[in-house]
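A look at the structure
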Amino acid sequence: MTDHVQSRPNREWLRSAGIYLAMGLLLVYILLPILWIFILSVKSPSDIVAVPPKLLFRPTIKNYSELFGYGASLVGGSDFLAYFKNSLIVSGGAVLFSLIIGIFAAYALARFNFKGKENIAFTFLSFRFVPELTIILPLYVIYQKLGLYNTYFGLILVYQLVTLPLLVWLLRSYFEELPINIEHAARTDGYPWFSVFWKITLPLAKPGLAATVILSFILAWNNFIFGLILGSKSTQPVTVGILSFISSQEVQWGQMAAGTVVAILPEIILAFMIQRYLIRGLTFGAVK
Amino acid sequence: MSVASSHELGTVRAKVPPRTRRQQNWFPFLLSAPALLALIGVLYPFFTAIYYSLTDYRLIRQIYNFIGFQNYLQLLRDSAFLHALGNTLLLAGVALIIELPLGFGIALLLSRPARGIGILRSLLLLPLMLPPVITGFMWKAMLAPDSGLVNMLLSPFGLKNIAWLSEPLLAWLSILFIEVWVSTPFVALILLSGIQALPKEPFEAADVDGAPFGFIFRKLMLPMLKPFIILVLMFRIVDVLKLFDVIFATTGGGPLQATETLSISVYKEVFQYYNLGYAIAKIMVLFVINYVASFFLASRWRKASTFDTGVAAR
């Protein structure tokens, strides 16, 4: 949308001032709650409950050190690391599992024509649109019968609902973009299918593959409801673990805030690493 | 794309010996087999869910009976359920009415070159990447009556100690506000991709002709962005209808069920009243709504995106 040539520079100035004002408002709107939680995390308990809230205070790292089990830890404090570890195991395991079972399906859906191909692809996609509770409520019963309730493996399996459709659809769209001729040339030269896939296709798909894996990990990390219902304390992820700071006798804002910062920092860094690919990822490859 | 590659595959097929050609028929299924097994692994609990919704299954009893459609008939008379259903639909409707124009506005703002626009675009990703339940905690801290930042910012205007999350109407509005905070960036970023993929020529031509912005917006931009708008609607409707995490973290559905959505009411039905069969009947209603909405929008999207606007049509 090219602008008209402005006859009056005054109007142009007003307009760009308006734009910067809108940008500023947007910036504040997005960042304020995140900054506030960071501020809470470095406040001492007495500063947190001060009325009116103190803007000038002496920052402390006590909330963080208690979170990691040093000093006079209150409820839930030293458990935080265990929840964090659970998140790493379950999210990492879920992505790895999806990758192992999904990468070949994604390739097949991208490169071959076979009966029912689109139906299979759309059934994967439909997981994204099913309310999770429809699947996990019966699983609550089934898992207890099978002994999968409150196990890492059980959670990794159910996390496939989040990671597998994303991985299959995204990888499919990245594979489709690779030129097929190189693969054909190698095949005609007599290389077996797998070595062509391993030595040519995968290296070419690397950026898309990396972005897909990271986004799957972030979405798995963000999940709350699976661990809430299908796990208990020894396997639940950090998103559920933070609840314990709120549901105890009094809300422990300081530790809750410190826990939040620690829980979101890794994924924010990951998200910025793949920001170019994010919208494509969140729309399952529909927007390129 | 898929047309092109199938054509190329066809030519290659003609060259390879017959044995390999037969191999190609089962080969893709072999490759997909593990993922297809996982698919069946999901369909099994889904069909179990349908069956349980036709029983009087309670978590505290071992025995349950098949009772046909009684749970579903009961739903029609259950005023708490109807309240939760209405609340879910209302919240979804109002949220979308706010998020779409707001997101469009932000997308337009970010589509023009300006200093710092790149950083702003990146920061817009933040609300999307945070775990929704943690966003809930964050806003709970922001909205705390005595020590929260929101009340502090409002206090110069004579508004003091507002109990945002414990007054029914205020709690509902707070949930709406948080939902808008979480999701508007998604709307904005998708529409931004759409705006950036628009062809330049029609807009330059309209500009040369001196068409007013309102005209360009309605007659050029909106129709061309249609696939993107449908796509946004598809993702947003499904997600806002199953809203759970944010509410669980802030109000838990209260006060007085003011913020109780279907998902929250289903959770309570199971873990407070142990009525698993009945709860699954409730969630099935949500499943059907989601299914119909996404199916309808997906078919509209496929039709709209055959028009080449940068959205991949399959």
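Notes on the structure in this doc start here. (Residues numbered from 1 in each chain as written. Chains lettered and ligands numbered in written order. Predicted model: local features only at pLDDT ≥ 70, side-chain atom pairs only at ≥ 80, totals over all residues. Heavy atoms only, no water.)

**Regarding helix H10 (residues 193–204) of chain A**
As a reminder, the rule being used: What counts as a helix is a DSSP run of H or I of at least four residues, what counts as a strand is a run of E of at least two, and both are numbered from the N terminus. Take the residue count of a helix, subtract one, and multiply by 1.5 Å to get its expected span. Using a 1.4 Å probe on the protein chains alone, a residue whose accessible area is under 20% of its type maximum counts as buried, one over 50% counts as exposed, and one in between counts as partly exposed.
For H10 of chain A, which comprises 12 residues, the first-to-last C-alpha distance of 16 Å matches the rise-based estimate of 16 Å (1.5 Å per residue) to within 8%. Among all positions in H10 of chain A, only Trp193, Ser195, Val196, Phe197, Thr201 and Leu202 of chain A are buried.

**Notes on a nonpolar patch on the surface**
What counts here: In this analysis, a patch consists of residues with relative accessible area above 30% that form no salt bridge, clustered at 9 Å for like charges and at 5 Å for the nonpolar side chains Val, Leu, Ile, Met, Phe, Trp and Tyr. To measure how exposed things are, a 1.4 Å probe is used in the Shrake-Rupley method; for residues, cover is taken only from the protein chains shown. Here, a salt bridge means any side-chain nitrogen of Lys or Arg that lies within 4 Å of a carboxyl oxygen of Asp or Glu.
Residues Val288, Tyr291, Val292 and Phe295 of chain B make up a contiguous nonpolar surface patch of about 420 Å² in total accessible area. In this structure, Val288 of chain B sits in helix H15 (residues 276–304).

**Section: the pattern of salt bridges**
Scanning the entire structure with this criterion turns up 15 salt bridges over all chains. Note that Glu118 of chain A is salt-bridged to Arg172 of chain A, the shortest N-O span being 2.8 Å. Remark: Arg172 of chain A occurs in helix H8 (residues 160–177) and Glu118 of chain A occurs in helix H5 (residues 117–126); sequence separation between them is 54 residues. The shortest N-O distance in the salt bridge between Arg236 of chain B and Glu99 of chain B comes to 3.3 Å. Separated by 137 residues along the polypeptide, Arg236 of chain B in helix H12 (residues 226–241) and Glu99 of chain B in helix H4 (residues 79–111) bring together distant segments of the chain. When its relative accessible area of 1% is taken as the criterion, Glu99 of chain B is described as buried.

**Observations concerning the nonpolar core**
Rule in force here: Nonpolar cores were defined as sets of buried Ala, Val, Leu, Ile, Met, Phe, Trp, Tyr and Cys residues, with membership established by side-chain atoms within 4.5 Å. By definition in these notes, contact holds between two residues if any of their heavy atoms fall within 4.5 Å.
By size, the foremost hydrophobic cluster in this structure holds 206 residues, and its most contacted members are Val158 and Phe175 of chain A. Setting aside chain neighbours within four positions, we find Val158 of chain A in contact with Ile136, Leu139, Tyr143, Phe226 and Leu230 of chain A.

**Section: the interface of chain B and chain A**
The test is simple: Any pair of N or O atoms that falls within 3.5 Å is considered a polar contact. Within protein, one atom must be able to donate a hydrogen and the other to accept it, and sequence-neighbouring residues count only if both atoms are side-chain atoms. Gly falls in the polar group here, along with every residue not listed as nonpolar (Ala, Val, Leu, Ile, Met, Phe, Trp, Tyr, Cys, Pro) or charged (Asp, Glu, Lys, Arg).
Listed by partner, the interface residues are 102 residues for chain B and 97 residues for chain A. Our count for the chain B to chain A interface comes out at two salt bridges. Note that Lys242 of chain B is salt-bridged to Glu132 of chain A, the shortest N-O span being 3.6 Å. Scanning the region where chain B abuts chain A turns up five residue pairs in polar contact (both at pLDDT 80 or more). Tallying contributions element by element places helix H2 (residues 18–52) of chain B first for the side of chain B that touches chain A, with 18 residues. In the side of chain B that touches chain A, the residues fall into 75 nonpolar, 14 polar and 13 charged.

**Topic: the packing of aromatic side chains**
The test is simple: Paired rings are identified among Phe, Tyr and Trp, the last through its six-membered ring, by centres lying within 6.5 Å, and are further divided according to the angle between planes into stacked (under 30 degrees), edge-to-face (over 60) and tilted (the rest). Sitting over a ring, as applied to charges here, requires NZ of Lys or CZ of Arg to be within 6 Å of the ring centre and within 35 degrees of the ring normal.
The full count for this structure, using the stated rule, is 50 aromatic pairs over all chains. Ring centres of Phe80 of chain A and Phe84 of chain A lie 6.3 Å apart, and the angle between their planes is 35°; this geometry places the pair in the tilted category. Of this pair, Phe80 of chain A and Phe84 of chain A both sit in helix H4 (residues 80–111), four residues apart, which is roughly one turn of the helix. Note on accessibility: Phe80 of chain A and Phe84 of chain A belong to one class, buried. Seen in terms of ring centroids, Tyr57 of chain B and Tyr64 of chain B are 4.4 Å apart; in terms of plane orientation they differ by 20°. Their pairing is stacked. By relative accessible area, Tyr64 of chain B is classed as partly exposed at 27%. These aromatic residues form a ring-pair network of at least three members: Phe104, Tyr107, Phe112, Phe175, Trp193, Phe194, Phe197 and Trp198 of chain A together with Trp26 and Phe27 of chain B. Here Lys43 of chain A stacks its cationic end above the ring of Phe57 of chain A, 5.2 Å away from the centre of that ring. Above the ring of Trp169 of chain A, the side-chain terminus of Arg172 of chain A is found at 5.6 Å from the ring centroid.

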